[in-house]
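Report on the structure
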Amino acid sequence: MKILVINAGSSSLKYQLIDMQTEKVVAKGGCERIGIPGSVLKAKGNGNEKTYEKDMPNHKVAIELVLHALKDEGIGVIKSMDEIGAVGHRIVASGEYFKKTTLVTPEVLKTLEEKTFELAPLHNPAAATGLRACMEVMPKTPMALVFDTSFHATMPEKAYLYGIAYEDYKEYGVRRYGAHGTSHKFVSAEAAKYLGKKPEQLKIVTCHLGNGSSISAVDGGKCVDTSMGFTPLAGVLMGTRSGDIDASAVEFLARKKGLNHSEAVIYLNKKCGVAGISGVSSDFRDLDEGAKNGNNRCALALDMFNYQTKKFVGAYAAAMGGLDCIVFTAGIGENSPNVREGVLEGLEFLGVKFDKNENAKRTDGIHEISTKDSKVKVLVIPTNEELVIARETAALL
Ligand code: AMP
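All values derive from a computational prediction rather than experimental measurement. (Residues numbered from 1 in each chain as written. Predicted model: local features only at pLDDT ≥ 70, side-chain atom pairs only at ≥ 80, totals over all residues. Heavy atoms only, no water.)

**Structural notes on the overall build of the protein**
On a plain count of helices and strands, the protein comes out with 15 helices and 14 strands. For 397 residues, the compact-globule formula gives about 21 Å, and the C-alpha radius of gyration of the protein, at 21 Å, lands near that figure. Seen through its principal axes, the protein has C-alpha atoms that stretch 60 × 55 × 45 Å. Scored against the burial criterion, the 397 residues of the protein give a buried share of 49%. Carbon and sulfur atoms provide 51% of the accessible area of the protein, an area that totals close to 18900 Å². A gap of 1 Å separates the mean positions of the 49 positive and 48 negative side-chain charges of the protein. (Helix = DSSP H or I, 4+ residues; strand = E, 2+ residues; numbered from the N terminus. Rg over C-alpha atoms; globule rule 2.2 N^0.38 Å. Buried < 20%, exposed > 50% of the residue type's maximum accessible area, 1.4 Å probe, protein only. Areas by Shrake-Rupley, 256 points an atom, 1.4 Å probe, with all protein chains shown as cover. Lys, Arg positive; Asp, Glu negative; His and termini not counted. Charge placed at Lys NZ, Arg CZ, Asp CG, Glu CD.)

**A word on the site of the ligand**
In the neighbourhood of the ligand, the contacting residues comprise Gly-210, Asn-211, Asp-283, Phe-284, Arg-285, Ala-330, Gly-331, Ile-332, Asn-335, Ser-336 and Arg-362. Here an oxygen atom of the ligand and a side-chain polar atom of Asp-283 are 3.5 Å apart. For the ligand, whose unbound accessible area comes to 500 Å², protein coverage reaches 72%. Every element with two or more residues in the shell around the ligand is listed here: helix 10 (284-292) and helix 12 (330-335). Examining the composition of the shell around the ligand, we find that 4 residues originate from one element, helix 12, more than from any other. Split into classes, the residues belonging to the shell around the ligand amount to 3 nonpolar, 5 polar and 3 charged. (Near = heavy atom within 4 Å. Polar contact = N/O pair within 3.5 Å; in protein donor to acceptor, adjacent residues only side chain to side chain. Nonpolar A, V, L, I, M, F, W, Y, C, P; charged D, E, K, R; others polar.)

**Thoughts on the sheet that holds strand 7 (residues 102-103)**
Read across the open sheet, the 8 strands follow the order 5-4-3-2-1-6-8-7; overall the sheet is mixed. The open sheet terminates on both sides in strands that have one partner only, identified here as strand 5 (48-53) and strand 7. Sitting on the sheet, helix 3 (residues 124-137) is in contact with strand 1 (2-8), strand 6 (84-91) and strand 8 (143-147), with an inclination near 165 degrees to strand 6. (Pairing = 2+ DSSP bridges. Contact = heavy atoms within 4.5 Å. Axes fitted to C-alpha atoms, helices over the stretch in contact; angles between N-to-C directions.)

**What about the packing of aromatic side chains?**
The full count for this structure, using the stated rule, is 6 aromatic pairs. Relative to Phe-147, the ring of Phe-98 has its centre 4.9 Å away and its plane inclined at 15 degrees; by these criteria the two rings are stacked. Of this pair, Phe-98 sits in the loop between strand 6 and strand 7 while Phe-147 sits in strand 8, and the two are 49 residues apart along the sequence. Residue classification places Phe-147 among the buried positions, given a relative accessible area of 1%. A centroid spacing of 4.7 Å and a plane angle of 70 degrees characterise the contact between Phe-284 and Phe-305, whose relative ring orientation is edge-to-face. Linking Phe-284 in helix 10 with Phe-305 in helix 11 (residues 296-320), this pair joins segments that are 21 residues apart in sequence. Residue classification places Phe-284 among the buried positions, given a relative accessible area of 6%. An aromatic cluster is defined as three or more aromatic residues linked by ring pairs; in this entry it consists of Tyr-160, Tyr-166 and Tyr-169. (Phe/Tyr/Trp six-rings, centres within 6.5 Å; stacked < 30°, edge-to-face > 60°.)

**Some points on the side chain of Thr-329**
On the secondary structure map, Thr-329 appears in strand 12 (residues 325-329). For Thr-329, a relative accessible area of 1% gives the class buried. Separated by 3.1 Å, the side chains of Thr-329 and Glu-334 make a polar contact. Discounting residues that sit within four places of it in the chain, Thr-329 has contacts with Ser-183, Val-187, Cys-207, His-208, Leu-209, Glu-334, Ile-381, Pro-382 and Thr-383.

**Notes on the nonpolar core**
Soluble, globular proteins show a tendency: their nonpolar side chains are buried together. Judged by nonpolar contacts, the single largest core of 40 residues is most densely connected at Leu-4, Ile-6, Leu-41, Leu-70 and Ile-84. At 8 residues, helix 1 (residues 59-71) tops the list of elements feeding residues into this core. Here Leu-4 is in contact with Tyr-15, Gln-16, Leu-17, Leu-67, Leu-70, Ile-84, Ala-86, Val-87 and Gly-88, once residues within four sequence places are set aside. Counting residues in hydrophobic clusters, the runner-up holds 34 residues, among them Cys-207, Phe-312, Leu-350 and Val-352. (Core = buried A, V, L, I, M, F, W, Y, C linked by side-chain atoms within 4.5 Å.)

**Some details on the packing of helix 2 (residues 106-115) against helix 3**
The N-to-C vectors of helix 2 and helix 3 enclose an angle of 155 degrees; their axes lie 10 Å apart at closest approach. Taken together, the axes of helix 2 and helix 3 are roughly antiparallel relative to one another. For the pair helix 2 and helix 3, the crossing hand works out as left-handed. Of the residues in helix 3, those in contact with Leu-109, Leu-112 and Glu-113 of helix 2 are Asn-124, Ala-128, Leu-131, Arg-132 and Met-135. Tallied by class, residues from the contact of helix 2 with helix 3 come to 5 nonpolar, 1 polar and 2 charged. (Parallel < 35°, antiparallel > 145°, perpendicular 65-115°, else oblique. Left-handed = near helix turned anticlockwise from the far one by under 90°.)

**Examining the pairing of strand 14 (residues 377-380)**
Where strand 12 and strand 14 come together, 4 bridges link them in parallel fashion. Looking across to strand 14, one finds that Cys-325 is bridged to Lys-377. Sheet analysis places strand 13 (residues 367-368) next to strand 14, joined by 2 bridges and oriented antiparallel. Paired with His-367 across the strands is Val-380, a residue of strand 14.

**Structural notes on the sheet that holds strand 9 (residues 203-209)**
Across the sheet, 6 strands lie side by side as 11-10-9-12-14-13; this open sheet has mixed pairing. The sheet is open, and its two borders are formed by strand 11 (222-226) and strand 13, each paired with just one other strand. Across the sheet, helix 6 (residues 181-195) touches strand 9, strand 10 (213-219), strand 12, strand 13 and strand 14, and the angle it forms with strand 9 is around 130 degrees. Where helix 13 (residues 337-344) meets the sheet, it contacts strand 9, strand 12 and strand 14, and its direction lies at approximately 150 degrees from that of strand 12.

Below, the structure written as structure tokens:
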């Protein structure tokens, strides 16, 4: 069976078609500038690539073009739509309405649209638009919603509650939900497999460090805490997001800068993080380059990122009462030896020893960078969120 994985943004739509027998990607691509002049689909399949420069006024047209590309000459990998067993849709926020992967029914669609949009106003409406477009074009194909938040649904109350009035949590659902759950789930399971242990035997801290970053505590295969919060703004500072900040400082800043509530949140999401600290870039490659060339603010941004990430590792080791493994994943976690070194340095007291030469190497697949005698294993594991979405969707069927 083949599963189509869809990740729809407000003006973009990425897809992968995965053969579940081999778990290999047979076709992939992305539409950009949907609803904006100059829309384009870049598609790969059959070892070939094709670019479609076609007007895509909405997601429905984009989906139709993707389905056309899946059958098209040169890059086509299927003969008929019937070969697609189901579609898995990535959904960023579930609130408390969905705890696990869910098959789409009219009622599910209603809850998604009526209850969850305000939890992720940039992401969930776009995903729902992509979903509706798929349902129109493929009315007989089962659709599944796979949530970024599901893996974190196992957190205990003491970890997910904020110190606000309990009735307000109940009334408004304001609590920690976390994000990047599919990634944390994938890499923690891969780590257990690599170490030859059952997930139940391990206490793992997973560091998903990318443009958005989150750190999770995974005890016995279950998430028990995570750094992102009600939205993906919380935790460590990120590319352009502030990470954790005193709410009073937000009110103070908003007043000084003449921003209303929404503008203040946009400011914290778009103008802060390492980009705000460095004044140079949100991209860690640029920060590395800047720091190397003597830019102190680039060096400071990197220092802050490493320090904050390290604090979460230490806090989660304490929360779990031990630590067997640290995993680095995503754009920065997989590709930046400097960040990994900055995070790991000084954690010897927890039993972490890493090999600087091994850490500096670039490899494909899982890479162990801890020394042989390190009590805590340190692994670099390429994440694969699409595969998790495909697996969850297949399992649901
Ligand atoms: P992601 O959100 O997981 O796609 O990660 C994207 C981020 O990874 C980029 O914004 C960069 O900051 C970072 N990144 C990618 N490649 C490298 C690299 N070679 N060294 C440092 N950072 C990198």
